[in-house]
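# Per-entry structural report
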Amino acid sequence: MKLAGIPGRSSLGSLILIAAVIGCSAAAFAYTAGWLSPSRLTPDLMIAALTPPSGPPLGHRRNHAKGICFTGTFEANGNGVELSRAQMFVQGRYPVLGRFNLGTADPNAVDATVRVRGVGLQISAADGEEWRMAMINPPFFAVSTPEAFHDLLVAAGKKDPEAMTAFTRANPEFAAFAAWANAAPWTGSYAEEPYNSLNSFVFTNARGDEHAVRWSLLPTAEPTPIAQAELKKRGPDFLEQEITDRVQSAPQRWTMVTTVADPGDPTADPSRAWPENRRKVQVGTLVVQRIEAERDGPCRDINFDPTVLPRGIRISDDPFPAARSSVYRKSYDLRAAEAGDYPRSGVAKP
Amino acid sequence: MTRPPHRFAPTQRLLHWLMAFCIIAMLFIGVGMVSTVAPKYLPLILIHKTLGVVLLILVLVRLALRLRLGAPPLPADLPPAIKLGARLSHLLLYGFMILMPLLGLGMLWAAAYPVVLFGGIEIPEFLPQSDRAHTLLWNAHVYLGLAFFALVLLHLAAALFHALIRRDGVFATISPLPQRERMKPAE
């Protein structure tokens, strides 16, 4: 057969060349998309590892799936200006949207069974700049890298106890976290917990000076240790009820403390705490004024992506914020598509 | 009557090749960034968003040039079916070039993400958060993006077909290389 009236002989080579160019382009595209390398750690693989055996929490976040919304203010005392030119550090009050949550992929988990508690926050400046963050109560993270976190999820999900032993051998930093999980006191309230950024970020001030920092929210409520067994008696959702009642009677406060790294402190590894004597700057107070059920609450549709940062704050060499951003985005895409499985109460009425 | 041009104007050729490079980069960055949790995810997404907005501006300039300066005619001996295919595929290419950045921006707005480009340039929000709108726009952005890549490959194959097999001067109309005049006086 001749193509478009041009004799075939010499065009055979050209046809092969064209096929090769198109084929190689398509293959390069498939490789870039990860379709040819099933072992690459993708957000999909991370989410698969987070998914409990009972199935994905449809309509919910893929981790920290159980939570409750709040609104309030961040009262900056002005001290942060020395470290960062972020507008939220200029003395004043900034609106806050947030969410208390549990480190579990099960939105129906029993509160007393979940070791890690967290908070998602969004602080807004007048011109629309936003600072989003998601923090948890342990003083350091369980592992050093996103890959190790994936391995931890996979090992923890296996019935074989040898899986966790092998994981701990390969990731010795996990021992410190396990020790914290065993020994740290439990409390009966979200209001009695400290929350830590764990990841390091870089603050830039108006002069252009840069500092690697981590930050924490320290509760002003006095923590009262309670045995886990005791908490189990309080019902599956006692934390939500408790924080609702507590905030109804009075706004709850946390002091935000920024810890400044010394040169040489590990900024890329959130499993390694910095020495206690590092410089600390109190930059303001989080005031939680109103609790709202998540189902219809204002935090529901916010992705507390820790890389949504105002000018004056940027990510450091810590690999976690990028990984979290990537996985949170996927989690958001999924739950937005599944909104029908977790309908707002207004929509839910038949 | 003015004779139709037998090549695209130099600005049109420049825009074609500049945008071709950027669009191919965008498609690769797009599928690459959503399949990684590595630190490069953040710079990739920043480039993707910034380049997307730049391409949206460029395609509008290009469309204006196309409407003003026109295009060289296709060879008279090209079969009508191929001519129709060429017209349709070019319409589709322009459609994708305009639609893709708008879908991308829309899905970010519908997810309540602040849209911040390279250099801290912030694009104001034009849509409220909406699960339904986000899902629709996100799916459209993904699947049309894949279709866009397929169309780019088809376009590339057609260009090579004209350049290597038909040798009918169609490729020369857009070729980035300087061309000798068709009818040159004998040397």
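The rules behind each value
Residues numbered from 1 in each chain as written. Chains lettered and ligands numbered in written order. Predicted model: local features only at pLDDT ≥ 70, side-chain atom pairs only at ≥ 80, totals over all residues. Heavy atoms only, no water. Helix = DSSP H or I, 4+ residues; strand = E, 2+ residues; numbered from the N terminus. Buried < 20%, exposed > 50% of the residue type's maximum accessible area, 1.4 Å probe, protein only. Contact = heavy atoms within 4.5 Å. Areas by Shrake-Rupley, 256 points an atom, 1.4 Å probe, with all protein chains shown as cover. pLDDT = per-residue confidence, 0-100. Buried area = accessible area lost by both parts, 1.4 Å probe. Salt bridge = Lys/Arg side-chain N within 4 Å of Asp/Glu carboxyl O. Polar contact = N/O pair within 3.5 Å; in protein donor to acceptor, adjacent residues only side chain to side chain. 1 Å grid on protein atoms, 1.4 Å probe; cavity = no way out; pocket = protein on both sides within 12 Å on 5 of 7 lines; lining within 4 Å. Points joined across faces, edges and corners; volume = space filled by probe spheres on them. Core = buried A, V, L, I, M, F, W, Y, C linked by side-chain atoms within 4.5 Å. Axes fitted to C-alpha atoms, helices over the stretch in contact; angles between N-to-C directions. Parallel < 35°, antiparallel > 145°, perpendicular 65-115°, else oblique. Nonpolar A, V, L, I, M, F, W, Y, C, P; charged D, E, K, R; others polar.

## Notes on the overall build of chain A
Secondary structure summary: chain A contains 9 helices and 12 strands in total. Taking the principal axes of the C-alpha coordinates as reference, chain A spans close to 90 × 55 × 50 Å. Out of the 350 residues in chain A, the part that is buried amounts to 55%. Intrachain contacts of chain A at a sequence separation of at least 6 include 76% that bridge at least 24 residues. Surface exposure of chain A reaches about 15,600 Å², of which carbon and sulfur atoms provide 57%.

## Regarding the overall build of chain B
Secondary structure summary: chain B contains 4 helices and 2 strands in total. Reading chain B from its N terminus to its C terminus gives the helix and strand order α-α-α-β-β-α. Along the longest, intermediate and shortest principal axes, the C-alpha atoms of chain B span 65 × 35 × 35 Å. Taken over 187 residues, chain B has a buried fraction of 43%. Long-range contacts, defined here as pairs at least 24 residues apart, represent 72% of the contacts in chain B between residues at least 6 apart.

## Some remarks on the confidence of the model for chain B
Residues and elements named next belong to chain B. Counting all residues, the mean pLDDT for chain B is 93, and 94% of those residues have values of 70 or more. Scored below 50 in pLDDT, residues 183–187 makes 0 contacts in the model with residues more than four places away or belonging to other chains. Interface confidence for the predicted complex, expressed as ipTM, amounts to 0.93; the pTM equals 0.94.

## Brief notes about the interface of chain B and chain A
At the interface, 34 residues of chain B touch 48 residues of chain A. Note on chain B versus chain A: buried area summed over both sides is about 3,500 Å², and carbon and sulfur give 68% of it. Contact with chain A buries area across many residues of chain B, yet Val37, Tyr113 and Ile165 of chain B alone supply 20% of it, more than any other trio. Counting across the interface, chain B meets chain A through 1 salt bridge. Where Arg344 of chain A meets Asp131 of chain B, a salt bridge forms, and the shortest distance between an N and an O atom there is 3.5 Å. Here chain B and chain A share 14 residue pairs in polar contact (both at pLDDT 80 or more) between them.

## Considerations on empty space enclosed by the protein
Under the criterion given, the structure shown has 4 cavities of 30 Å³ or more. Size it by volume and the largest cavity reaches roughly 50 Å³.

## Observations regarding the nonpolar core
In terms of nonpolar packing, the biggest core is built from 47 residues, with Phe100, Ile123, Trp131, Trp215, Leu217 and Met256 of chain A touching the most fellow members. Per-element tally for this core: the top contributor is strand E11 (residues 280–292) of chain A, with 5 residues. Beyond its immediate chain neighbours, meaning those up to four positions away, Phe100 of chain A contacts Lys66, Gly67, Ile68, Phe70, Gly118, Val119, Tyr190, Tyr195, Ile243, Trp254, Val288 and Ile291 of chain A. Counting residues in hydrophobic clusters, the runner-up holds 30 residues, among them Phe29 and Ala33 of chain A together with Phe149 and Leu151 of chain B.

## Description of unusual backbone geometry
You will see that Leu198 of chain A, though not glycine, has its phi angle at about 60 degrees, which is positive. As for its position among the elements, Leu198 of chain A is in the loop between strand E6 (195–196) and strand E7 (201–204). Phi at Ala112 of chain B is positive, roughly 60 degrees, even though this residue is not glycine. Locating Ala112 of chain B in the fold gives a position in the loop between helix H3 (80–110) and strand E1 (115–116). On the basis of relative accessibility, which here comes to 14%, the residue Ala112 of chain B falls in the buried class.

## Remarks on the packing of helix H2 (residues 43–50) of chain A against helix H8 (residues 320–337) of chain A
Residues and elements named next belong to chain A. Look at H2 against H8: their axes get within 9 Å of each other, and the N-to-C directions meet at 70 degrees. In this view, H2 runs roughly perpendicular relative to H8, as classed from their interaxial angle. Contact residues: Pro43, Asp44, Met46 and Ile47 in H2; Ser326, Val327, Arg329, Lys330, Ser331 and Leu334 in H8. When grouped by side-chain class, the residues that make up the contact of H2 with H8 number 5 nonpolar, 2 polar and 3 charged.

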